[in-house]
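The lines below spell out each chain.
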Amino acid sequence: MNKDIEKKFISDFILKEYAERLFFELSGEKRQKALARFAHAAEQIFDMRYVLKLNSADNPEMLLQNIGVEASCPTYVIGGEYDGRTILLNKVLTNVFNGFDAVVAVVKDGLAICKTEYEKGESGKYILKK
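Trainee: Help me understand the packing of aromatic side chains in this model?
Mentor: The relative placement of two aromatic rings is captured by the distance of their centres and the angle of their planes. Under the counting rule described, the total for this entry stands at three aromatic pairs. Measuring from ring centre to ring centre gives 6.4 Å for phenylalanine 13 and tyrosine 50, while their planes differ by 70°; the resulting arrangement is edge-to-face. Of the two residues, phenylalanine 13 sits in helix 1 (residues 3-13) while tyrosine 50 sits in the loop between helix 3 (31-45) and strand 1 (51-53), which places them 37 residues apart along the sequence. With relative accessibility at 1%, the residue phenylalanine 13 sits in the buried group. Consider the rings of phenylalanine 46 and tyrosine 126, whose centres lie 5.8 Å apart with planes at 70°: the pair is edge-to-face. In this pair, phenylalanine 46 is assigned in the loop between helix 3 and strand 1 and tyrosine 126 in strand 6 (residues 125-129), connecting sequence segments 80 residues apart. Relative accessible area serves as the criterion here: at 1%, phenylalanine 46 is assigned to the buried category. On the basis of relative accessibility, which here comes to 4%, the residue tyrosine 126 falls in the buried class.

Trainee: Help me out: how do you make sense of the pattern of salt bridges in this one?
Mentor: For side chains bearing opposite charge, pairing can occur when the charged atoms are close. Within this structure, the stated rule accounts for eight salt bridges. For glutamate 6, the salt bridge goes to arginine 31, with nearest N and O atoms at 2.8 Å. Residue glutamate 6 is located in helix 1, and its partner arginine 31 is located in helix 3; the two are separated by 25 residues in the primary sequence. Note on arginine 31: relative accessible area 7%, which makes it buried. Note that arginine 49 and aspartate 47 form a salt bridge whose closest N and O atoms lie 2.6 Å from each other. On the accessibility criterion, arginine 49 (65% relative accessible area) is exposed. Three or more residues joined by partner-sharing salt bridges are found here, namely Lys8, Asp12, Asp109 and Lys130.

Trainee: Sorry if this is basic, but what is going on with the nonpolar core here?
Mentor: General note: in soluble globular proteins, nonpolar side chains tend to be found buried as a group. Core analysis: the biggest nonpolar cluster contains 22 residues, and Phe9, Ile14, Phe38, Phe46 and Leu128 have the highest contact counts within it. When contributions to this core are tallied by element, the ones reaching two or more residues are helix 1, helix 2 (16-26), helix 3, strand 2 (74-78), strand 4 (103-108), strand 5 (111-115) and strand 6. A total of five residues in this core trace back to one element, the largest contributor, which is helix 3. Within the second largest apolar cluster, 18 residues are counted, among which are Val69, Tyr82, Ile87 and Val96.

Trainee: Can you help me understand helix 5 (residues 89-96) in this one?
Mentor: A turn of α-helix holds 3.6 residues, and therefore any two residues three or four places apart point the same way. Among all positions in helix 5, only Leu89, Val92, Leu93 and Val96 are buried. Down the axis of helix 5, the sector holding all buried residues measures 115°, keeping them to one side. Its buried side turned inward, helix 5 meets helix 4 (60-66), strand 2, strand 3 (86-88), strand 4 and strand 5.

Definitions and cut-offs
Residues numbered from 1 in each chain as written. Predicted model: local features only at pLDDT ≥ 70, side-chain atom pairs only at ≥ 80, totals over all residues. Heavy atoms only, no water. Phe/Tyr/Trp six-rings, centres within 6.5 Å; stacked < 30°, edge-to-face > 60°. Helix = DSSP H or I, 4+ residues; strand = E, 2+ residues; numbered from the N terminus. Buried < 20%, exposed > 50% of the residue type's maximum accessible area, 1.4 Å probe, protein only. Salt bridge = Lys/Arg side-chain N within 4 Å of Asp/Glu carboxyl O. Core = buried A, V, L, I, M, F, W, Y, C linked by side-chain atoms within 4.5 Å. Arc of directions from axis to C-beta. Contact = heavy atoms within 4.5 Å.

Right, here's the structure in full:
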C-alpha cells in the first residue's frame, strides 16, 4: 500500500469529519471496512465540491482525455483485485471499472476516479478533481 498517495487522496477529497478514521481503516486490518464506505456511502464522505457524478451515458475515458489525461497514465488503485498497485489508466477503465468491486483510482495529484456499487439506471462512477 502506498500510504502517501492514500493520505493525499483523503486530504484532497474526503470530508474532514471522516478523513482521520478512513485513513486509519485503510492503513490496517479494517481496510475492507474502509473500502465498503466507498461502495455504499461515497456521496456522504466525499467533499462534493470536487466531485463530478457521471451518468450512465458518460464516457469516463473521454472526459479524462478532455482534461489532458492520457490512457497510458500510471494510476494507483484502492480496492478490488488491484488494491495497492499502480496500473495503467486504460486497464483501470476497461477491467476495474467494469467489475463488481468498489474502487478508487488515483490518477495524479488532485485527480481521481471512483466506482461504487449502484442502483439500476445509475453509473456509480465519479471523477474527483481539485
